[in-house]
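Structure assessment
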Amino acid sequence: MINRSDKWRYLGLSVLWTLLATGFTSLSCAEDVVLSWSGYTMGPITYVVKVVAPSEVDLTEVQNEISSVLDCVNHRMSTYLPDSEVSRFNKSESPDWFEVSPQTAVVISRAQEISRITNGAFDITVKPIVERWNMGAGKQDTFTVPSAEETARLKLRIGFEKLDVRIDPPAIRKVAPDLQIDLSAIAKGYAVDSVSEKLQELGFVSHFVEIGGEVRAHGMKPNEQPWIVGIERPIPNIRETDCTVVLKNQALATSGDYRNFVEVGGKRRSHTIDPRTGTPVENSMVSASVLASDCMTADAYATAFMVLGPEEIDRVSIAESLGVYLIQQEGSKLQRSFSGEIPFQEAPPSEASEAASTIFPLFLAAFVLFGLAVLGMASGVILSNRTIKGSCGGISGTTNPDGSTSCSVCQNPASECRDKQAN
Ligand code: ADP
Ligand code: MG
C-alpha cells in the first residue's frame, strides 16, 4: 500500500528515471560527429586534434588535458626554453648521470636506437652544427658558411656514441663535456603519440592528431569512413597534395627541405644535417614520408631517410617494418619510389600525368590569350563601325528577310560576290 507522501516520492522518482532514461537515450542515439580544434605548440608549430563524439559533448576539459600534455613535452624537450630538461643538460658539462623525466629518457633511448640502426644518419647530438648553420634556437643576423677546418672541428663535437641513456632510474650522461642534444626531429612525433594516448585514455577511441605535419589516426570517422591524410608535393611556396594515404591506427611523418630551409648566398640549404659530413644534406631527396605504428618512430626515420641513400633506406625499412614514400629531384622531374606497404587512397601521379598536368595549364593559358585577342579584334571592328575586310565568313551565302545580302559592307569582294554587292 502506498501512502500520500510515498505517492509523491514514487512520482518524483519515476519522473527522475524518465528524465535520466530520456537523457541516456538521447545521448546514445545522438549522432557521432567529428569535433575538432587547433592551436599552437612548441612555439610556432600548429596542431590539430579531431575526435569522433556526440555533437553535444563539451570538449573544454579534453582540450585542457591535451594542452597540458603538449606543455609537458615542450617543458621537457625544447631547446628553445632555457629551463627545459634538455636545455639544462646542454648547459651542464658534468660527466655524471643527469636526472630526467621517464618521458625524456624514453625519447632519447629510442633516438639512440634509431641512430644505431641508421649507422648515425639520425643523430640528436648534431646541435652544434644546427646552430652553426643558423637553424636552431639562437639564430644570428649574420652568417658565413663554415670553412672545412671549422666543419672538421664541429664534427669532433658530435656523435651519438658520446651519449648514454638509462630508463630506470631515468637519466642521461655525456662522455664529452661540450656534448649537446637537439630532439627537434623526434619530439614532435612523440608529442603526437602522447596526445593520441591521452585521447584513448579519455575514451576517444576514434581520433586524429597532427602536429606540424606529423600525424597519427585511430579508429574510423562516422559512417565507417577512414582517416585520410595528404602527402604534400615538395614544391617551395606552393601547397599541393601529391597523393593521399589511409591511416588505420598508424602514424605518418614527412621530412623535406622544400619548406624548411635556409638560404645562404642565394643557395638553398636543407635543415637536415648529414652527421657524416657535418654539413646540411646535399642529395636528390626532396621529401621522405614514413608510415609506422607510432609517430615518434615515423618522425625520426623521416629525417634519417633524408640523409641515407636508397639502398640503406630499403634495408632499414624492411628491418623496421616501415612504409616509405620518397620523392627525389631528377633534373626538372620529381621521381617517386616506395618501400614496404603504403595504403594509398589516391595514387601519386605518374610522370606522364604530371607532365600533362604541367602542360595543360600552359595550353589553357594560350587558348584564353588567343580567345582574348580574337575578341579584342572583333570588338575593335564592331565599336569603330568599320566595314568588313577580307573573307566574309559566309555572309554572301545568307540573305536578309527582304531578300538582300550584306555584301555591300565588304571592302574586298571576291569576283563571284561582285554582282551581289549591288543588292
Ligand atoms: P622535418 O619534419 O623536415 O624532419 P623536423 O623539425 O622534424 O623537420 O626535424 C628537423 C630538425 O632536426 C632540424 O631542424 C634539426 O634541429 C634536427 N636535425 C637535423 N639533422 C638531424 C639529424 N641528422 N638527426 C637528428 N636530428 C637532426
Ligand atoms: Mg620531422
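One can find the structure itself at the top, above this paragraph.
About the cut-offs
- Residues numbered from 1 in each chain as written.
- Chains lettered and ligands numbered in written order.
- Predicted model: local features only at pLDDT ≥ 70, side-chain atom pairs only at ≥ 80, totals over all residues.
- Heavy atoms only, no water.
- Helix = DSSP H or I, 4+ residues; strand = E, 2+ residues; numbered from the N terminus.
- Contact = heavy atoms within 4.5 Å.
- Pairing = 2+ DSSP bridges.
- Axes fitted to C-alpha atoms, helices over the stretch in contact; angles between N-to-C directions.
- Expected span 1.5 Å × (residues − 1).
- Buried < 20%, exposed > 50% of the residue type's maximum accessible area, 1.4 Å probe, protein only.
- Donors = N, O, S within 2.8 Å, 3.2 Å for Na, K, Ca; no water.
- Parallel < 35°, antiparallel > 145°, perpendicular 65-115°, else oblique.
- Left-handed = near helix turned anticlockwise from the far one by under 90°.
- Nonpolar A, V, L, I, M, F, W, Y, C, P; charged D, E, K, R; others polar.
- Phe/Tyr/Trp six-rings, centres within 6.5 Å; stacked < 30°, edge-to-face > 60°.
- Lys NZ or Arg CZ within 6 Å of the ring centre and 35° of its normal.
- Salt bridge = Lys/Arg side-chain N within 4 Å of Asp/Glu carboxyl O.

1. Quick word on the side chain of N74
As for its position among the elements, N74 is in helix α2 (residues 60-77). Sequence-distant contacts of N74, defined by excluding residues within four places in its chain, comprise M42, L81 and S84.

2. Description of the sheet that holds strand β5 (residues 171-174)
Ordered by their spatial adjacency, 3 strands build an open sheet running β3-β5-β4, and the pairing between neighbours is antiparallel. Of all strands in the sheet, those bounded by a partner on one side alone are β3 (98-99) and β4 (163-166). In the packing of helix α4 (residues 102-117) onto the sheet, contacts are made with β4 and β5, and the angle to β4 comes to roughly 130°.

3. So, α4
The end-to-end C-alpha distance of α4 is 23 Å, a good match for the 22 Å that 16 residues give at a rise of 1.5 Å each. Among the residues making up α4, those that are buried are T104, A105, V107, I108, S109, R110, A111, Q112, I114 and S115. Where the residues of α4 are buried, they touch α2, α3 (85-91), β4, β5, α7 (184-201) and α8 (295-307). Positive phi appears at N119, one or two residues downstream of α4, with a value of about 50°.

4. Concerning α7
Taking 1.5 Å per residue, 18 residues should reach 26 Å; α7 reaches 26 Å between its end C-alpha atoms and fits that length. Among the 18 residues of α7, 13 are classified as buried, and the element is accordingly described as predominantly covered. At the C-terminal side of α7, G203 shows a positive phi close to 95°.

5. Structural notes on the coordination of the magnesium ion (ligand 2)
The protein atoms that coordinate the magnesium ion (ligand 2) are E214 (OE) and D299 (OD), at distances of 2.1 to 2.4 Å. Placement of E214 in strand β7 (residues 214-218) and of D299 in helix α8 is noted, with a sequence separation of 85 residues between them. Judged by its relative accessible area of 3%, E214 falls in the buried class.

6. Regarding unusual backbone geometry
A negative phi angle is the norm for most residues apart from glycine, just as the trans form is the norm for most peptide bonds. For the bond running from D168 to P169, omega is -5°, close enough to zero to count as cis. Turning to its location among the elements, P169 is positioned in the loop between β4 and β5. A positive phi is found at M42, a non-glycine position, where the angle reads about 45°. Looking at the secondary structure, you find M42 in the loop between β1 (32-41) and β2 (45-54). You can call M42 buried: its relative accessible area is 18%. For E224, which is not a glycine, the phi torsion comes out positive at approximately 55°.

7. Observations concerning the packing of α4 against α8
Relative to each other, α4 and α8 sit at 45°, their axes nearing to 11 Å. Regarding the angle of α4 to α8, the classification is oblique. Once α4 is placed against α8, the crossing between them reads as right-handed. Counted together, V106, V107, R110, I114 and I117 of α4 and M296, T297, A300 and Y301 of α8 form the full contact between these two elements. Looking at side-chain class alone, the contact of α4 with α8 contains 7 nonpolar, 1 polar and 1 charged residues.

8. Concerning the packing of aromatic side chains
One pass over the structure, following the stated rule, counts 7 aromatic pairs. With 5.6 Å between their ring centres and 45° between their planes, W133 and F143 make a pair best called tilted. Highlighted residues: W133 in the loop between α5 (127-132) and α6 (148-156) and F143 in the loop between α5 and α6, separated in sequence by 10 residues. Ring geometry for Y325 and F344: centres 5.4 Å apart, planes at 75°, overall edge-to-face. Taken together, the residues Y325 in strand β16 (residues 323-330) and F344 in strand β18 (residues 344-346) connect sequence positions 19 residues apart. Between the NZ or CZ atom of K50 and the centre of the ring of F208, over which it lies, the distance is 5.4 Å. K174 extends its terminal NZ or CZ atom over the ring of F89, reaching a point 4.5 Å from the ring centre.

9. Section: the pattern of salt bridges
For the structure on display, the rule yields 18 salt bridges. In this structure, the salt-bridge partner of D257 is R268, at a minimum N-O distance of 3.9 Å. Of this pair, D257 sits in the loop between β10 (250-256) and β11 (261-264) while R268 sits in strand β12 (residues 267-270); the two residues are 11 residues apart in sequence, bridging distant segments of the chain. Relative accessible area serves as the criterion here: at 13%, D257 is assigned to the buried category. Classification of R268 by relative accessible area gives partly exposed; the value is 37%. Connected through shared salt-bridge partners, R233, E240, D242 and R336 make up one network.

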